[in-house]
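Chain by chain, the residues run as shown.
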Amino acid sequence: MSTQDEFSDFSMRRRMVLGAFGVGAAALVARGVDLQVLNAPFLQRQGAARHLRVVAIPAHRGMILDRNKRPLAISTPMDSVWLDPQTAPDDAGLARLAIRLGLDAATLTTNVHQAKAAGREFIWVRRLIDPALGRRVTALGLPGVALIREYKRYYPMGEVGSHVLGFTNIDDKGQDGLELEFNEWMTGVPGSKRVVQNLYGQIVQDVDLLKQARPGRNLVTSLDQRIQYLAYRSLKAMAVQSNARAASIVVMDPRDGTIVAMADQPTFNPNTRSDYLSHLYRNRAVTDAYEPGSTMKPFTMAAALISGQYTPQSKINTGPGWYMLDGHEIKDDVPLGTVDMTQLLEFSSNVAASKIAITLPPQLMWSVFNAVGFGHITHSGFPGESPGVLHNWRDWRQINQATMAYGYGIAVTALQLAQAYCALAHGGVQYPATFLRPDTPPRGRQVIPRKVADTLRGMLRYVVTPLGTGYAAHVPGYTVAGKTGTAHRMTQAGVYAEKEYTAVFAGMVPASNPRLVAVVVVDAPQGKYFGGQVAAPVFREVMSGAMRLLDVPPDDIPVLRAGPVPRTQPRGA
């Protein structure tokens, strides 16, 4: 081959190589233009989708506070562990994670494999752990495993206020009690932010705050933490001592209808989820209605005084201590002879109360009972509140009217009874029962004439004297007005049990100008069972402490100077 031919062949190969380089360079330029100019927005979105995430910023739930702004329920920050099954660690890594969290490794591995097969990208591993443990989980550096900040509800008083406060679920949503009733009020509004995540799903950088989280609002209640503790402690001691099936106490301020304390037995600890059993967390003071026994007699007497047929000095012959009405025996624990209306309450005469009742117009008795709140809910707002039972007066027979006079054939809750006694304590004016501390003075209703209410309050003071059935409720240094009640319990068969009772005491202190009203109910106590023996001592202990805590000046100074009056055995009721 000639030199000229060789040079021509080399020149062609060079042009081909240069052409190839040129085409390649053009392709790279074209690809660069395509990536950086034509498809840049799309590619940026795709990249962001793989590394940028919008995550929620949790908002903590508002606190529940007592009337003095002491915390009753708070939400504490916790960490929850989750993972993406599609990028989860291998079985060895899952085993390390399980050991760190105190979980069963085989169960965790099975759950992750099943979730991966189902195409899921999120499963919980363990929720609401201590942040320190959360940091130890992060230190493992496992792919697909990350933390989410959540909040756990904590109740500083434990079981002391559990029935009133209720509890939240694992998502911090109210499930019972005030937590449920005011769930929307206390629930915060989550925020959101844009973050950069690494290939393990862990946040490495906050990019942008999209929406500020708004915490839930605090709930200021009418409860007094100190008196709540007194009520809980005294009630529990009596429930244990008497081996009672259940017990309740309600303490109210008659001046505004606020509920100062409320407790039940048996109880539960809202900080322990295994305690969340319906028979433990039911607030019996609001949901359970019972026959109140002789604590109904003051309202029968109110109807009698309103009728104009009777005065406190009116005499009623109770001899020989029993009588028959429509084939039913009505009797007293001991024969009392002739008594006036004050002695009727003092000695708790069923015979005298029933004889007065059957002389009154049924509609009048019903109107008094209805006016003070029996037969309908108190509108306290508590979930599951019972209206009790008050039949229409048109359906009454004479025996019904007679037995309702001393608390049979009518059913009330402890809260209803406390609200009714608040009317007697405050000149016949009744305020709506509330668990909230009022910002402005509430508006009350005159449900009993003031003169009648004041007269009855004076008459009820004789119940808490050495001869009265409620002397065990007396508070040294203070005058007390109240009434005992003892009623046979109704069985599931619809008959009254011979040896099972409900013991009740309802009262107010100081009687001269009532500051607090309390109702104590003890269900099926063993041994002693009269309201004056079982319920009245709880009232005394709680009110003695409450008067000191509230700095209420004594109104019975002569008794303090003279010393305690010797106690006598209560005569029943």
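Residues numbered from 1 in each chain as written. Predicted model: local features only at pLDDT ≥ 70, side-chain atom pairs only at ≥ 80, totals over all residues. Heavy atoms only, no water.

### Details of the pairing of strand S15 (residues 328-331)
As paired elements, strand S14 (residues 322-325) and S15 share four bridges and run antiparallel to each other. Its bridge partner lying in S15, Leu325 is registered against His328. What sits between the antiparallel neighbours S14 and S15 is a turn of two residues, in which Asp326 has the positive phi angle 50°. (Pairing = 2+ DSSP bridges. Helix = DSSP H or I, 4+ residues; strand = E, 2+ residues; numbered from the N terminus.)

### A closer look at the packing of aromatic side chains
The description of an aromatic ring pair rests on the distance of the ring centres and on the angle between the ring planes. This model, assessed by the stated rule, comprises 14 aromatic pairs. A ring pair is formed by Tyr406 and Tyr408, whose centres lie 5.8 Å apart and whose planes are at 70°; its orientation type is edge-to-face. For Tyr406, a relative accessible area of 8% puts it in the buried group. Through pairs of rings, three or more aromatic residues link up here, namely Phe299, Phe369, Phe374 and Tyr421. Seen from the ring of Trp124, Arg127 lies directly overhead, with NZ or CZ sitting 4.4 Å from the centre. (Phe/Tyr/Trp six-rings, centres within 6.5 Å; stacked < 30°, edge-to-face > 60°. Buried < 20%, exposed > 50% of the residue type's maximum accessible area, 1.4 Å probe, protein only. Lys NZ or Arg CZ within 6 Å of the ring centre and 35° of its normal.)

### What to know about the side chain of Ser348
By the element assignment, Ser348 lies in the loop between helix H13 (341-347) and helix H14 (350-357). Given the relative accessible area of 6%, Ser348 is considered buried. A distance of 2.9 Å separates a polar atom in the side chain of Ser348 from a polar atom in the side chain of Lys483. (Polar contact = N/O pair within 3.5 Å; in protein donor to acceptor, adjacent residues only side chain to side chain.)

### Quick notes on the side chain of Arg67
Inspection of the secondary structure assignment puts Arg67 in the loop between strand S2 (64-65) and strand S3 (71-83). With no salt bridge to any partner, buried Arg67 finds its closest opposite charge in Asp253, at an N-O distance of 4.8 Å. Here Ser222 takes part through its backbone oxygen, which lies 2.7 Å from a polar atom of the side chain of Arg67. Those residues in contact with Arg67 that lie beyond four places of it in its chain are Thr221, Ser222, Leu223, Asp224, Thr258, Val260 and Arg437. (Lys, Arg positive; Asp, Glu negative; His and termini not counted. Salt bridge = Lys/Arg side-chain N within 4 Å of Asp/Glu carboxyl O. Contact = heavy atoms within 4.5 Å.)

### What to know about the confidence of the model for the chain
Residue-level pLDDT values for the chain average 89, and 89% of them are 70 or greater. A low-confidence stretch, residues 562-570 (pLDDT under 50), is modelled with 12 contacts involving residues beyond four sequence positions or located in other chains. (pLDDT = per-residue confidence, 0-100.)

### A word on the sheet that holds strand S11 (residues 246-253)
The strands that make up a sheet pair up through hydrogen bonds in the backbone, lying either parallel or antiparallel. Here we have five strands laid out as an open sheet, ordered S12-S11-S21-S20-S19, and antiparallel in their pairing. In the strand order of this sheet, the two ends are held by strand S12 (258-265) and strand S19 (481-490), each with one partner. Each strand axis lies, on average, 10° off the axis of its neighbour in the sheet, ignoring direction. Bridge analysis of S11 against strand S21 (residues 516-523) gives seven bridges, and the strand direction is antiparallel. Paired with Ala247 across the strands is Val522, a residue of S21. Across the sheet, helix H19 (residues 531-549) touches S11, S19, strand S20 (496-509) and S21, and the angle it forms with S20 is around 25°. (Axes fitted to C-alpha atoms, helices over the stretch in contact; angles between N-to-C directions.)

### Looking at the pattern of salt bridges
For the coordinates displayed, the defined rule picks out 18 salt bridges. Between Glu150 and Arg127 there is a salt bridge whose closest N-O contact spans 2.6 Å. You can see Glu150 sitting in strand S5 (residues 145-154) and its partner Arg127 sitting in strand S4 (residues 123-129), a full 23 residues away along the chain. The salt bridge partner of Glu500 is Arg489, with a shortest N-O separation of 2.9 Å. Here the residue Glu500 occupies a position in strand S20, and Arg489 occupies one in strand S19, the gap between them amounting to 11 residues. Of the residues examined, Glu500 reaches a relative accessible area of 26% and is grouped as partly exposed. Arg489 gets classed as buried once you look at its relative accessible area, which sits at 17%. Several salt bridges converge on common partners, so that one network encompasses Arg245, Arg489, Glu500 and Asp523.

### Thoughts on the pairing of S11
Among the eight residues that make up S11, eight are buried, leaving the element largely enclosed by the rest of the structure. Burial along S11 is two-sided: the face carrying Ala246, Ser248, Val250 and Met252 and the face carrying Ala247, Ile249, Val251 and Asp253 are both buried. Two strands pair when backbone bridges link them, and S11 and S12 are joined in this way by seven bridges, in the antiparallel orientation. Looking at the pairing, Met252 lines up with Ile259 of S12. Here S11 hands over to S12 after four residues, with Gly257 in that stretch at a positive phi of 80°.

### Side note on the packing of helix H3 (residues 91-101) against helix H4 (residues 105-117)
Packed helix pairs are characterised by how far apart their axes lie and by the angle those axes make with each other. Where H3 meets H4, the closest approach of the two axes is 9 Å, and the angle between their N-to-C directions is 130°. Our classification of the angle between H3 and H4 gives oblique. The hand of the H3/H4 crossing is right-handed. Contacts between H3 and H4 involve Asp91, Leu94, Ala95, Leu97 and Ala98 from the former and Ala105, Leu108, Thr109, Val112 and His113 from the latter. Across the contact of H3 with H4, the residue classes tally to seven nonpolar, two polar and one charged. (Parallel < 35°, antiparallel > 145°, perpendicular 65-115°, else oblique. Left-handed = near helix turned anticlockwise from the far one by under 90°. Nonpolar A, V, L, I, M, F, W, Y, C, P; charged D, E, K, R; others polar.)

### Considering helix H15 (residues 362-371)
Every buried residue belonging to H15 is among Leu364, Met365, Val368, Phe369 and Ala371, and all of these are buried. Residues of H15 that are buried sit in contact with helix H12 (297-307), H14, helix H16 (398-404), strand S17 (429-430) and strand S18 (445-446). Residue Gly373 follows H15 closely and has a positive phi angle near 115°.

### Concerning the nonpolar core
By size, the foremost hydrophobic cluster in this structure holds 122 residues, and its most contacted members are Phe299, Phe369, Phe374 and Leu417. With 10 residues, the single largest contributor to this core is helix H17 (residues 414-425). Among the nonpolar cores identified, the runner-up in size contains 17 residues, and Val81, Leu108, Leu133 and Leu140 belong to it. (Core = buried A, V, L, I, M, F, W, Y, C linked by side-chain atoms within 4.5 Å.)

### Here we look at the environment of Pro525
Along the chain, the position of Pro525 falls in the loop between S21 and H19. Among the residues examined, Pro525 registers a relative accessible area of 5% and is labelled buried. Sequence spacing of Pro525 and Lys499 is 26 residues, and the spatial spacing of their C-alpha atoms is 9.9 Å.

### Points about the layout of surface pockets
In this model, the second largest pocket occupies a volume close to 880 Å³. Forming the walls of the second largest pocket are 28 residues, and the residues nearest its centre are Glu329, Asn350, Tyr406, Tyr408 and His488. Elements supplying a minimum of two residues to the lining of the second largest pocket: S15, H16, S19 and S20. Of the residues assigned to the lining of the second largest pocket, the class counts are 12 nonpolar, nine polar and seven charged. (1 Å grid on protein atoms, 1.4 Å probe; cavity = no way out; pocket = protein on both sides within 12 Å on 5 of 7 lines; lining within 4 Å. Points joined across faces, edges and corners; volume = space filled by probe spheres on them.)

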